[in-house]
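Notes for the structure review
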Amino acid sequence: MTKIGLEIHCQLTNLESKLFCSCKANYRQFEINENICPVCMGLPGSLPRLNQEAVKKATMIAMALNCSTPEKIAFFRKNYFYPDLPKNFQITQLNIYGDTSVGGSGSIVVGNKEIRITRIQLEEDPGRLIYEGSSSKNQITLVDYNRAGTPLVEIVTEPDFENPKQVREFLNILSDLLENLGVSDPGLEGAMRADANVSIDGGKKVEVKNIGSFHDLEKAVHFELTRQESLHSREIEIAQETRHWDDKRKITISSRSKEEALDYRYFLEGDIPWVTVDPAIQEKLKSEMPESISSKKERYVSKYNIPNQVADVLSSDKFYSDLFENSHTESNAKEIANIITTDLMGLVDTREKRESSKITANHLRDLADSIQTGKISRNSAKNALHEIVKTGKELSQVISDLDLGNVSDESELITIIKDVISEEPQAVEQAKSNSQTINYLVGKVMQKTKGKADPQLTLNLLKKQIE
Amino acid sequence: MNLKISALDYVQEVQNGNISAEDFTAATLERIHSIDEKLHAFLSINDNAVNQAREIDKKIKSGQKVGSCFGMPISIKDNMCIKNSKTTCASKMLENFVAPYDATVISKLKEEDAIFIGKANMDEFAMGLTTEFSAFGPSKNPWNVDCIPGGSSGGSAVSVSAFECVASLGSDTGGSVRNPASFCSAVGYKPTYGLISRYGLISYANSIEQIGPVTRTVKDTAFLLNIIAGLDPNDNTTVDNKNEDYLTGIDSGVDGKKIGIIKEMMTEGTDPAVISATKDAVSKLESLGATCEEISLDMVKYSVAAYYTITATEAGSNLARYDNLRYGYDFPVEGYEFNSYIQKARKNFGSEVTRRMIIGGFVPSAGHAGKYFLKALKVKSKLRKEINEAFKKYDLLIAPTVPILPFKIGEKIDDPVALFLVDINTVTANLTGKPAISVPFAISNGLPIGIQLLADSMDDKLLLQAAHALEQTVQLPEVPI
Ligand SMILES: [Zn+2]
């Protein structure tokens, strides 16, 4: 049987500061080695100062993944030499002397499959290595410590995945969950990294390291499975080994130097006292947690009668569900859900478009209200939305700029209808005998008003004029 | 200029206008220049000290608010960071390390207008108890310059004892403040773990070490403790002392106190002069109204082994960052692969540090941890249980600070195990987090003997009161230098 297990490293990008100092957790905006201090540089004499907010957020992740949450958590040192590690040890968590990491075992349902979570731990991210020089002979390694000490949550699963599709579904659920909790922005470069272990029936376990995004994780698993199956079909033995993901060529490569069995000499980090996360604190955290995606979905369906599928899309994406939450009222909820899922999603379908989009909850509320009061047709609303996303102008401004307002004056509309009747005598005759065909005439009126006539009103007036 | 005054007397004299900070500092520097060649208490001297003292005098004259140290010259063990000055840990590895920030104790003392007259010599990275392991040469005992002054805060104790400063800060991982204080006839105090911030103290064994004052009198220790103790947001292990004033009530005495004499700290190997001094101290305390009786702390037998196992483990990790890439860079990386470079670079460490790093790589390693490191942790927790039981019955415990007298420089340097055993009486306070103090009590053949008192966690005030009472019972000769 195919077995796939994941180790996911997720930066808590939305925190204000690093895990053990007050440098910024969002290091991406800085010049090289600018976001550093004695603590995250591990200077002699400096001590870690635990960011309590990081413990809270990591605990929330653990609770959201249904993990057990120990009442007392501790930090350990993982000792090894690497140039990106300022202290030559990493402060992390460990469960071999009893569960003391932020999360113990848990599980999450993916499709119909239960994926077991082994543990969740909070740790510091190392610095970033930058390689310069073309050939391997004159290559130099530079270190940027801006990232060093960034809070990282490691989520380890049991080898419960059976195929890459389940991995993808899990990753989708996980990114939505992280985003919904407001702890992390999975789209940021380097915010999500992973290792995977993959084995097929009769084969040894292969570890694939160094996967730099969720997108690549699925690809890496797929590649590795295909590679193993191809070996297997040719009756070549699959060796137990560590491979690295080459993100340029999108393949896994055997790690050239044999990965030594490193002895990390774990021991308790004495500079950080045990942290109590007792039931009272856990209760409080639960109450501070944002509503879960599934509960949101349920509410959208039951309270606003929003169709299941629409509610699903709307609730799982924090960007859209936040817009929805901040704009809807009892009476316009369905209309807003509609605008978001049928029109807005198409307009801002990439990260860049979302970030540059100028739309606010107020815009959405105005749009929905204007549609419902007949001030603007659905068709015009779509055009207005396009303009709003681009410019951020008020809806009223957009309506007058683009002349999108409905023809609300009945006499004006009757004049146009009369014109249509005189131009289309044949269609009028048909409509008299077969009421179905009247829609053709409505369409003609809409054409003349450039879609600004209210279709219902047009229909009613047309019927009167024909009879 | 009389340099042979206590910290509290110094403050009094400056406040009364009898002496100026500038004159006192200048005279102190002069003494350092004349005798430190012989003693080697200092690794570096603050060239700006006289100017700093002059500024403080100006503040005093113009009636501005002046910090409670009034320009008092203090020496600082060279493992505490003072911004923009060298902090070497007496190691080649940090020979050129200039700290870019102040340790918390340093900022607190700066606020109170102390002057850091110089950085004190020590065993490399505080590993040792003789100062012989300083990469820059040993300090000498001012009572007999052929003898070791103790360590690792040897320079601190020598500078205080030889009047090269008014007081000093050392650090105590297994006796490193108390041991040299005992050998040099100074007061040496290790507080309850967490009472003084370690931020800016270069770690050796962070789970048990503390910064501690070395002073001429117990009152001076209380005076400094008032300044440097308390919660520090930069050190998560600090404890809230509710701004305790350790000087008020220091005269409270020991009347009615119950004191346990630790049997395991006065075994056959103990020097007879040390035994008799301890007995004398006990009877003096009894004459002041205390009740003393012998008690047994069985785990003390294993304490040294546990101590070296735990400290080596932590040292192996704490010192891993000195890989010659970031500190002590003294030969280029070209031609080396990462691990081979580190291997060569780490030869920059001295023999004792190397020894402990090797032990520290071994005892917690997979396959050996159960036999060594985890067992040491068990001893530590049993010892803690034992001493907590003892403190249910006794207010204080007493023992010699060191079982032997200062010995000749070079005498034990090649016998690490013999050296380790000298720590037998001091490591218990570190392993259990309890406060302990060494009080100068006797001189035998011209060499000092200190008596150690221990108290329960956060009973530091009681400890200082008892130490003060004991100190008052003897009159000791002045250092012959
Ligand atoms: Zn920092």
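Residues numbered from 1 in each chain as written. Chains lettered and ligands numbered in written order. Predicted model: local features only at pLDDT ≥ 70, side-chain atom pairs only at ≥ 80, totals over all residues. Heavy atoms only, no water.

**Some remarks on the overall build of chain A**
In terms of regular secondary structure, chain A is built from 16 helices and 15 strands. Since a compact globule built from 467 residues should have a radius of gyration of about 23 Å, the 29 Å found for chain A marks it as more spread out than a globular shape. In terms of its C-alpha atoms, chain A occupies a principal-axis envelope of roughly 90 × 55 × 50 Å. Going through the 467 residues of chain A one by one, you find that 50% of them count as buried. Sequence-distant contacts, at least 24 apart, represent 69% of the contacts inside chain A between residues at least 6 apart. With an accessible surface of roughly 22,600 Å², chain A has 48% of that area assigned to carbon and sulfur atoms. For chain A, the distance from the average site of its 59 positive side-chain charges to the average site of its 70 negative ones is 2 Å. (Helix = DSSP H or I, 4+ residues; strand = E, 2+ residues; numbered from the N terminus. Rg over C-alpha atoms; globule rule 2.2 N^0.38 Å. Buried < 20%, exposed > 50% of the residue type's maximum accessible area, 1.4 Å probe, protein only. Contact = heavy atoms within 4.5 Å. Areas by Shrake-Rupley, 256 points an atom, 1.4 Å probe, with all protein chains shown as cover. Lys, Arg positive; Asp, Glu negative; His and termini not counted. Charge placed at Lys NZ, Arg CZ, Asp CG, Glu CD.)

**Looking at the overall build of chain B**
Along the backbone of chain B there are 15 helices and 11 strands. For chain B, whose C-alpha radius of gyration is 21 Å, the value lies close to the compact-globule estimate of 23 Å for 481 residues. Counting only C-alpha atoms and orienting by the principal axes, one finds that chain B spans roughly 65 × 55 × 45 Å. The buried share among the 481 residues of chain B stands at 63%. Considering only intrachain contacts with a sequence separation of at least 6, the fraction spanning at least 24 residues in chain B is 75%. Taken as a whole, chain B presents about 16,900 Å² of accessible surface, with 50% of it coming from carbon and sulfur. Treating the 48 positive side-chain charges of chain B as one cloud and the 57 negative ones as another, the clouds have centres 5 Å apart.

**Concerning empty space enclosed by the protein**
Under the criterion given, the structure shown has four cavities of 30 Å³ or more. The wall of the largest cavity is formed by 24 residues, among which V39(A), S46(A), L47(A), P48(A) and K87(A) lie closest to the centre. Across the lining of the largest cavity, the residue classes break down as 12 nonpolar, six polar and six charged. Each pocket or cavity is described by its volume, and for the second largest cavity that value is around 60 Å³. As for the second largest cavity, its lining consists of 13 residues, and the residues nearest its centre are A126(B), G128(B), S176(B), Y307(B) and D423(B). (1 Å grid on protein atoms, 1.4 Å probe; cavity = no way out; pocket = protein on both sides within 12 Å on 5 of 7 lines; lining within 4 Å. Points joined across faces, edges and corners; volume = space filled by probe spheres on them. Nonpolar A, V, L, I, M, F, W, Y, C, P; charged D, E, K, R; others polar.)

**Focus: the interface of chain A and chain B**
Chain A puts 31 residues into the contact, and the matching count from chain B is 40 residues. For the pairing of chain A and chain B, the buried interface totals around 2,700 Å² over both sides, and the portion due to carbon and sulfur atoms is 54%. For the pair chain A and chain B, the interface holds one salt bridge. One salt bridge in this structure joins R198(B) and D271(A), with 2.9 Å as the shortest N-O distance. Linking chain A with chain B are 19 residue pairs in polar contact (both at pLDDT 80 or more). Tallied by class, residues from the side of chain A that touches chain B come to 18 nonpolar, six polar and seven charged. (Buried area = accessible area lost by both parts, 1.4 Å probe. Salt bridge = Lys/Arg side-chain N within 4 Å of Asp/Glu carboxyl O. Polar contact = N/O pair within 3.5 Å; in protein donor to acceptor, adjacent residues only side chain to side chain.)

**Notes on the packing of aromatic side chains**
With the rule as written, the count across this model stands at 20 aromatic pairs over all chains. Centroid distance Y300(A) to F324(A): 4.7 Å. Interplanar angle 65°. Geometry classified as edge-to-face. Taken together, the positions of Y300(A) in helix α5 (residues 293-304) and F324(A) in helix α7 (residues 318-327) put the pair 24 residues apart, joining distant regions of the chain. Measuring from centroid to centroid gives 5.9 Å for F125(B) and F349(B), while their planes differ by 70°, and the two rings are edge-to-face. Of this pair, F125(B) sits in the loop between β3 (115-120) and α5 (154-161) while F349(B) sits in the loop between α10 (338-345) and α11 (351-362), placing them 224 residues apart in sequence. Assigned by exposure class, F125(B) and F349(B) land together as buried. One aromatic cluster is present, built from ring pairs that chain together F97(B), F125(B), Y322(B), Y327(B) and F349(B). A cation sits over an aromatic face here: K78(A) above Y264(A), 4.4 Å from the ring centre. The side chain of R354(A) reaches across the aromatic face of Y320(A), ending 4.8 Å from its centre. (Phe/Tyr/Trp six-rings, centres within 6.5 Å; stacked < 30°, edge-to-face > 60°. Lys NZ or Arg CZ within 6 Å of the ring centre and 35° of its normal.)

**Structural notes on a nonpolar patch on the surface**
Where nonpolar side chains cluster on the molecular surface, the patch consists of L325(B), Y329(B) and V333(B) and spans about 250 Å² of accessible area. Position of V333(B) relative to the elements: it lies in the loop between α9 (300-318) and α10. (Patch = residues over 30% accessible without salt bridge, like charges linked within 9 Å, V, L, I, M, F, W, Y side chains within 5 Å.)

**Digging into the environment of N46(B)**
Residue and element names in this part refer to chain B. Along the chain, N46 falls in the loop between β1 (42-45) and α3 (49-61). With a relative accessible area of 18%, N46 lands in the buried category. As for N46 and S75, which are separated by 29 residues in sequence, their C-alpha atoms are 9.7 Å apart. Filtering out sequence-adjacent residues up to four positions away, N46 remains in contact with Q52, I115, F116, I117 and G118.

**Overview of the coordination of the zinc ion**
All names here are of chain A. Coordination of the zinc ion by the protein involves C21 (SG), C23 (SG), C37 (SG) and C40 (SG), with metal-donor separations of 2.3 to 2.4 Å. Note that the zinc ion binds four donor atoms; their angles at the metal cover 103 to 114°, and the shape is tetrahedral. Between the donor residues of the zinc ion, the gaps in sequence give the motif C-x1-C-x13-C-x2-C. One end of the pair, C21, is in the loop between β1 (3-11) and α1 (52-64); the other, C37, is in the loop between β1 and α1, with 16 residues separating them in the sequence. Per residue, the accessibility class of C21 equals that of C37, and both read buried. (Donors = N, O, S within 2.8 Å, 3.2 Å for Na, K, Ca; no water. Tetrahedral: all angles 85-135°; square planar, octahedral: opposite > 155°, others 65-115°.)

**Thoughts on the sheet that holds strand β9 (residues 396-400) of chain B**
Residue and element names in this part refer to chain B. On the basis of which strands lie adjacent, the open sheet formed by 11 strands has the order β1-β3-β2-β4-β6-β5-β10-β11-β9-β7-β8 and mixed pairing. Strands with a single pairing partner mark the edges of an open sheet, and in this sheet they are β1 and β8 (291-295). With strand direction ignored, the average angle separating the axes of adjacent strands in the sheet is 30°. In this structure, strand β2 (residues 73-77) lies alongside strand β4 (residues 167-172), joined through three bridges in parallel fashion. For I76, the partnering residue across the bridge sits in β4 and is L169. (Pairing = 2+ DSSP bridges. Axes fitted to C-alpha atoms, helices over the stretch in contact; angles between N-to-C directions.)

**A few points about a positive patch on the surface**
Residues K371(B), K375(B), K378(B), K382(B) and K385(B) make up a contiguous surface patch of positive charge. Relative to the helices and strands, K371(B) resides in the loop between α11 and α12 (373-393).

**Quick notes on unusual backbone geometry**
Excluding glycine, residues mostly carry a negative phi; peptide bonds, for their part, are mostly trans. Residue and element names in this part refer to chain B. Residue G151 is joined to S152 through a cis peptide bond whose omega torsion reads 5°. Relative to the elements of secondary structure, S152 occurs in the loop between β3 and α5. Its identity is not glycine, yet C89 carries a phi of approximately 55°, on the positive side. For N243, which is not a glycine, the phi torsion comes out positive at approximately 50°. With respect to the element layout, N243 can be found in the loop between α7 (218-228) and β7 (258-262).

**Concerning the pattern of salt bridges**
Residues and elements named next belong to chain A. Evaluated as defined, the whole model comprises 55 salt bridges over all chains. The salt bridge involving R243 is made with E224; its shortest N-O contact spans 3.5 Å. On the criterion of sequence distance, the pair formed by R243 in strand β12 (residues 241-246) and E224 in helix α3 (residues 214-233) is long-range, its members being 19 residues apart. R243 gets classed as buried once you look at its relative accessible area, which sits at 9%.

**Notes on the domain arrangement of chain A**
Entries for chain A in the domain assignment read domain 1 (2-283), domain 2 (291-402) and domain 3 (410-466). For domain 2 of chain A versus domain 3 of chain A, the distance between C-alpha centres works out to 31 Å. (Domains from an automatic or database assignment.)

**Some words on α5(B)**
Residue and element names in this part refer to chain B. Extensive coverage of α5 is indicated by the burial of eight of its eight residues. If you check which residues of α5 are buried, you get G154, G155, S156, A157, V158, S159, V160 and S161. Looking one or two residues beyond α5, the residue adopting positive phi is F163, at roughly 60°.

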